[in-house]
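Read off the chains here:
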Amino acid sequence: QVQLVESGGGLVQAGGSLRLSCAASGRTFSSTGMGWFRQTPGKEREFVAAIAWSSRMTVYADSVKGRFTISGDNAKNTVYLQMNSLKPEDTALYYCAARMGLVAPYPMRSTTTYSAWGQGAQVTVSS
């Protein structure tokens with residue numbers, strides 16, 4: 001019923017920028033927050049950024065703070081990740097995720113917070 005689709009990935013040189021988009025669809029879809037995670041082969045899925053719709057609070061991983069910006073439109077069930085000053089270590093498969101449930105405090109950095117996931121968008125940063 002709920003589908004999340006990422007777009008905007010690609011290949012970029014170090015120092016460049018990319019903007020990822022994630023659109024959620026489904027007539028019954030609603031979320032209390034959305035986030036971005038990334039993963040490389042052999043590593044755990046890593047938190048990148050998240051936004052809580054009720055408070056508009058945003059949180060970021062230390063590794064991307066100051067370079068990435070998460071934004072979105074809850075009414076449109078859409079979230080974005082603006083990535084600037086990209087580094088080769090940012091290379092990963094980026095996943096969009098949505099939390100569905102009660103509007104209440106929750107651990108925004110945890111993968112277990114989110115129940116709906118996209119298929120991933122590849123971001124490759126060349127040196």
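You'll find the structure just up there.
Residues numbered from 1 in each chain as written. Predicted model: local features only at pLDDT ≥ 70, side-chain atom pairs only at ≥ 80, totals over all residues. Heavy atoms only, no water.

**A word on the sheet that holds strand 8 (residues 78-83)**
Threshold: Only strands joined by at least two bridges in the DSSP assignment are considered to pair. Helix numbering and strand numbering both begin at the N terminus, where a helix is a DSSP run of H or I of at least 4 residues and a strand a DSSP run of E of at least 2. Axes here refer to lines fitted to C-alpha atoms; in helices the fit is confined to the stretch in contact. Angles between the N-to-C directions go from 0 to 180 degrees.
Pairing is antiparallel across the open sheet formed by four strands, whose spatial order is 1-3-8-7. Unpaired on one side and paired on the other, strand 1 (3-7) and strand 7 (68-73) mark the two borders of the sheet. Ignoring strand direction, the axes of neighbouring strands in this sheet form an average angle of 15 degrees. As paired elements, strand 3 (residues 18-25) and strand 8 share six bridges and run antiparallel to each other. Residue pairing in the sheet places Leu18 in a bridge with Met83 of strand 8.

**With respect to the environment of Ser21**
Rules: The contact definition used throughout considers only heavy atoms, calling two residues in contact when any of these lie within 4.5 Å.
Considering the arrangement of structural elements, one finds Ser21 in strand 3. Residues contacting Ser21, with those up to four places away along its chain left out, are Val5, Glu6, Ser7, Trp36, Val79 and Tyr80.

These values are about where atoms sit, not about what they do.
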